Amino acid sequence: MLTRRTFVTAAAIAPAGSAINPVARADQASQGAFIGSLSQQAITELTSATTDKERAAKLLPILQKYFDMPKLAKHTLGLYWKRATPEEQTAYVAVFTEYMSAVYGKRFAEYSGQSLAVQKVRETGETSTVFTIVKGAQGEPRVDWDVNTAGGNNTITDVRVEGLSLAETHRQEFASVISSNGGKVQALIDILKKKVASI
């Protein structure tokens, strides 16, 4: 799971700053500011950490604040979500969030000053997609952020790096793990707990 795409996502979550195209409309500026706020908070918090465990601990509340982790967790389980017991669902959301903070916190150790540039915003009802590129990264990869704006509260529901969905990538990976363990969601929960503990 620790791939170039993982690193690019980590770099995008925590760049040194953000730039908004000067011709952007007011609504674009608002969404760009939201992503910029996320970026600035992450860079401030994670650069003060010196170990993977510390970075994971500092990234966890950022994910909980800015990302719709319950929705992401549910999506990554796919059809297995309905097969899980209520207790397993609750446990999975918690360990999935911890796993994400561990994986992306670890990759942030490789961060070297990339910055995020907002290109445009596409609005569809209560959902906006903020299109950005990572300045300073090889090839300046595109990172798209799906943001739910319902009720005036912005929450990120997915991140796509060069068109590849973070949520969908984990969904395929986790489905394979569950399938290899007799279709048991608890098996995935136990594996993720061990991975988090190993950081």
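Residues numbered from 1 in each chain as written. Predicted model: local features only at pLDDT ≥ 70, side-chain atom pairs only at ≥ 80, totals over all residues. Heavy atoms only, no water.

A. Representation of the packing of helix H6 (residues 86-107) against helix H8 (residues 185-198) within the structure. Where H6 contacts H8, the two axes come as close as 9 Å, and the packing angle between them is 30 degrees. Classified by the angle their axes make, H6 and H8 are roughly parallel. Judged by the twist between their axes, the crossing of H6 over H8 is left-handed. On the side of H6, the interface is formed by Glu 88, Ala 91, Tyr 92, Val 95, Glu 98 and Tyr 99, while H8 contributes Val 185, Gln 186, Leu 188, Ile 189, Leu 192, Lys 193, Lys 195 and Val 196. A breakdown of the residues in the contact of H6 with H8 according to their chemical character gives nine nonpolar, one polar and four charged. (Axes fitted to C-alpha atoms, helices over the stretch in contact; angles between N-to-C directions. Helix = DSSP H or I, 4+ residues; strand = E, 2+ residues; numbered from the N terminus. Parallel < 35°, antiparallel > 145°, perpendicular 65-115°, else oblique. Left-handed = near helix turned anticlockwise from the far one by under 90°. Contact = heavy atoms within 4.5 Å. Nonpolar A, V, L, I, M, F, W, Y, C, P; charged D, E, K, R; others polar.)

B. Layout of the environment of Thr 76. Relative to the elements of secondary structure, Thr 76 occurs in helix H4 (residues 69-77). Sequence separation between Thr 76 and Phe 96 is 20 residues; the distance between their C-alpha atoms is 9.2 Å. Residues contacting Thr 76, with those up to four places away along its chain left out, are Tyr 92, Phe 96, Ala 167, His 170, Arg 171 and Phe 174. Among the polar contacts made by the side chain of Thr 76, one reaches the side chain of Tyr 92 at a distance of 2.6 Å. (Polar contact = N/O pair within 3.5 Å; in protein donor to acceptor, adjacent residues only side chain to side chain.)

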